[in-house]
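Remarks on the overall topology
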Amino acid sequence: SHHAAMRSRGPLLPTKRTARDDGRKRSWLPWALLFVVLSGAVYFIFLGTDHEIGTARVMRDAAERARLSRLQKRASAPIEPVVEMPKGVPDPGYVKSENGQTWQVKGGVKNVATMDESWVASPPQEPVTFAKVPDDIGFVNGIVKEIPPEFRMTPEEKAEYLRDKARMKEEDDEYRRAHAGDTPGVGVPRSDNEATREVEAEPGKGYLHRPLKLPILDNDDASDNKMWSEEQCEVAAQEWVDRRERDYAARMAKGGKSDLLFFLHIPRTAGRSFHFCFLKLATPEPKRCDKSYDELRMDPHDPHCEMLATHDDYSLVERFDRQPKIVTMLRDPVARILSSYEFAVEVSVRSFGNDVQTNNKRRVSTREVWPWEHVVRHIDRDLRAYKKRVDEDGRKGSIANVYNNSVYTPLHEFIELPMANDDLHNGQFMQLMGLTSNASPETEPHAYKLRRCVRDAGRHWNEKTVDILFDYAKRRLREEVDVTVVHERLDDSLVYSSAALGMHMSGPSYVPNRPPPRHTATLKNRMSRWLDRNKKDEPVAAVVGFVFNFDKLTGDQLEKLPWRQGYDRAMRAALAIATGVSPDDVAITPHQRDDWRANEMGFQIGIVRYPADYVKSDDPKVLAPDTLLERLREARRDETDAGFLVDGADGFDAYGSMNILAEGRAEESKDTPGTYDINVDDFGTDPEFMPLGQRYRECERAQKRKYSRLKTKAFRSLHQHVEGEFEPFIKEDRKLIPQSLLDRIRDINHLDVRLHEFATELFEERMKESVEELEREKLPARLPI
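Attention here is on the structure that accompanies the text. (Residues numbered from 1 in each chain as written. Predicted model: local features only at pLDDT ≥ 70, side-chain atom pairs only at ≥ 80, totals over all residues. Heavy atoms only, no water.)

For the protein, the count of helices and strands is 23 helices and 15 strands. Within the protein, the proportion of its 785 residues that are buried is 45%. Taking the intrachain contacts of the protein between residues at least 6 apart in sequence as the baseline, contacts between residues at least 24 apart amount to 74%. Total accessible area on the protein is roughly 41,300 Å²; 51% of this is exposed by carbon and sulfur atoms. (Helix = DSSP H or I, 4+ residues; strand = E, 2+ residues; numbered from the N terminus. Buried < 20%, exposed > 50% of the residue type's maximum accessible area, 1.4 Å probe, protein only. Contact = heavy atoms within 4.5 Å. Areas by Shrake-Rupley, 256 points an atom, 1.4 Å probe, with all protein chains shown as cover.)

Counted by the stated rule, this structure contains 32 salt bridges. Among the ionic pairs, Glu245 bridges to Arg475, the shortest N-O distance being 2.8 Å. Residue Glu245 is located in helix α6 (residues 230-252), and its partner Arg475 is located in helix α14 (residues 463-480); the two are separated by 230 residues in the primary sequence. On the basis of relative accessible area, Glu245 is assigned to the partly exposed category, the value being 31%. Note on Arg475: relative accessible area 30%, which makes it partly exposed. Among the salt bridges present, the one from Arg489 reaches Glu764, with a minimum N-O distance of 2.2 Å. Note that Arg489 is positioned in the loop between β10 (483-486) and α15 (490-501) and Glu764 in helix α22 (residues 750-769), a separation of 275 residues in sequence. Residue Arg489 is classed as partly exposed on the basis of its relative accessible area, which comes to 25%. A residue is classified by how much of its surface remains accessible, and Glu764, at 30% relative accessible area, is partly exposed. Several salt bridges converge on common partners, so that one network encompasses Arg244, Asp247, Arg251, Glu318, Glu444, Arg476 and Glu480. (Salt bridge = Lys/Arg side-chain N within 4 Å of Asp/Glu carboxyl O.)

In this section: α15. Given a rise of 1.5 Å per residue, 12 residues ought to cover 16 Å, and the 16 Å separating the end C-alpha atoms of α15 matches this to within 8%. Listed in full, the buried residues belonging to α15 are Leu490, Ser493, Leu494, Val495, Tyr496, Ser497 and Ser498. Close packing links the buried residues of α15 with α7 (271-279), β9 (325-330), β10, α20 (692-719), α22 and α23 (771-775). In the segment just after α15, Gly502 is the residue with positive phi, at about 75°. (Expected span 1.5 Å × (residues − 1).)

Turning to the sheet that holds β9, a few remarks are in order. Strand order across the open sheet formed by four strands is β8-β7-β9-β10, with parallel pairing between neighbours. Here the strands that pair on one side only, and so sit at the sheet edges, are β8 (307-310) and β10. Taken over all neighbouring pairs, the strand axes of this sheet differ in orientation by 15° on average, direction set aside. When strand β7 (residues 261-264) meets β8, the two strands line up parallel, connected through four bridges. Counted as the bridge partner of Phe263 is Ala309 from β8. (Pairing = 2+ DSSP bridges. Axes fitted to C-alpha atoms, helices over the stretch in contact; angles between N-to-C directions.)

A contiguous patch of negative charge on the surface is contributed by Asp641, Asp647, Asp650 and Asp653. Tracing the backbone shows Asp653 in the loop between α19 (625-638) and β14 (658-668). On the basis of relative accessible area, Asp653 is assigned to the exposed category, the value being 75%. (Patch = residues over 30% accessible without salt bridge, like charges linked within 9 Å, V, L, I, M, F, W, Y side chains within 5 Å. Lys, Arg positive; Asp, Glu negative; His and termini not counted. Charge placed at Lys NZ, Arg CZ, Asp CG, Glu CD.)

Attention shifts here to the packing of helix α8 (residues 333-350) against α20. The contact between α8 and α20 brings their axes to 8 Å, and the two run at 65°. With respect to each other, α8 and α20 are oriented roughly perpendicular. The two elements α8 and α20 meet at a crossing, and its hand is left-handed. The segment α8 lies against α20, with Val345, Glu346, Val349 and Arg350 engaging Tyr707, Leu710, Lys711, Ala714, Phe715, Ser717 and Leu718. (Parallel < 35°, antiparallel > 145°, perpendicular 65-115°, else oblique. Left-handed = near helix turned anticlockwise from the far one by under 90°.)

Rendered as structure tokens:
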């Protein structure tokens, strides 16, 4: 049949009609793609990005590209216009148009950049008439033979014109930056002239070409190595200060300080302890920014990033939309340089000059962190060279003086190294100003040249430039930096920072994967166990328990049995006097596991049992159960000293303030005789709570122990490669350094010396202003190493 014949042919091929129908079905695809593209364009143009309106941004960028293109075409025009002056008018040497172009006149173009006050173009002649050249006159293919009368100007008009032009240019540049979000100087037309411009001639005295200060930063090529003159340094420094003050005002105008806390970590100022053991522990882990010491990984727009610590300088702040809260610590410059030298040697010795790479992505190698990336590797080369010499001739060197030997670069040579000058000397000042060798090239393209203006170069620097920048450094510390503290007063610095930043010593600390003691849960458990072990046949009116410690009493001291037995008797007697019960009804127990060594902060639990026949005393100092519980609750809540509990005995003042961390009460159950109902005050954050001050001391001791072990291990390996024994950078070693060398370090670091002195004065001033706030902050005593 027909159908059978059709089946025998196999699959049918598509007919023309079928292909046409399929084509119609697929004809929608190009239109759909076009719709998606147009939709994206419309979204970008009209809805914009998260930070700017798209339409304005596109139009502004297009206009800016067109403007720059026109300037480039004009600058490369093959025909150079020549302006001839009318007869009877003296030749001033050159003429300027309103757009800053330099025009040839008969005698040719003078080199404006090299002109100074000694240049006089001609002797006194008749009054001068300057030529005002329209902006578009130089962009026609022709030569102007005569200046029209309407463009002629008197010297007074010329001077006023130049002043107005400079002012209008500055206002125009500032407007463009404010509205386009430009980095200062970006997108601003450049001129070939540098720091001079011709001003009016004095009638009767000829044509005096004297310099007029013009913008340096906009007109300078930051990529070249040409140094500025002293005058250019002064002009550039003042421009830079003006811009930074305007940028700070602009950031503050966007809603004041942001929630971000930025620790401007200056190397070798105890910043590790300050950051790792204080700022970091006071900040919940989700609010800590990503590690950024080796490279910047944080997103400044991330709302969860609220605490950032890096060795980046202040130029990082210039990249933020809003001004962060800033804290920094400074140190005596000589001690800081010595510490930097010692640290560079120690880090290198750990691997004996080998550049060790870590596979742990969570750890940051010191050799990858500024400024150690250069100075540590310099010592690495010293050690490798020393090892090669020993391998070749078999003779080992010795280290009689850790600051002056043949194994690695001596201190007196180290401080004169270019890398020490670039990365370490005056580093505190440069880091505060944002002008270090680590500065962001986007925000500080002229950092290198500004550093050269003020740093020691053959014991000479530009005093005026130093004064300009140093005056601003003082204003920045006082007005822009929220907390300025000093290394020499570390404990006071911690207490002040605690009060100023709201990171109270009595507040919580946050340690991931290491839950702190749960004081309320621990108290309830310990009271229950004590009551089970110390049952009496007589009925009990109430039992009050509390967790406490003394500021200056540690777990190490409580661990000593003979001393603790005397302490226990004194404490039970004092609490018995305070509550009006027998010392046999008072107990002092360990915080955890019946083990006094279980905690380092000296946490203890006090228990007072009130018998059923207890009679309330008429003496207001004797605390009945309800009164005792209320006084304990007030002491914990208000963070006040609970010394009223031990006022009846002598000697407890030596232990410092008595802190209450939890309190509770137990009463015999009415439903089940012989058992107790225990109610402990639960104050919310207790499961995540451990006082920040106590956690700081634990962390501080752990850090000291850790780096002591690293130092000992590092120099033990060095002992194998040298003859004799030596102590690795102990305090007594610094006595070997000649006073002349210390004076040289202080001279080189003249900026840091002045800055540290001012920071110390500022710190003292603010400490005096915050006496009441500081009294509420309680930093425990240092723990023994």
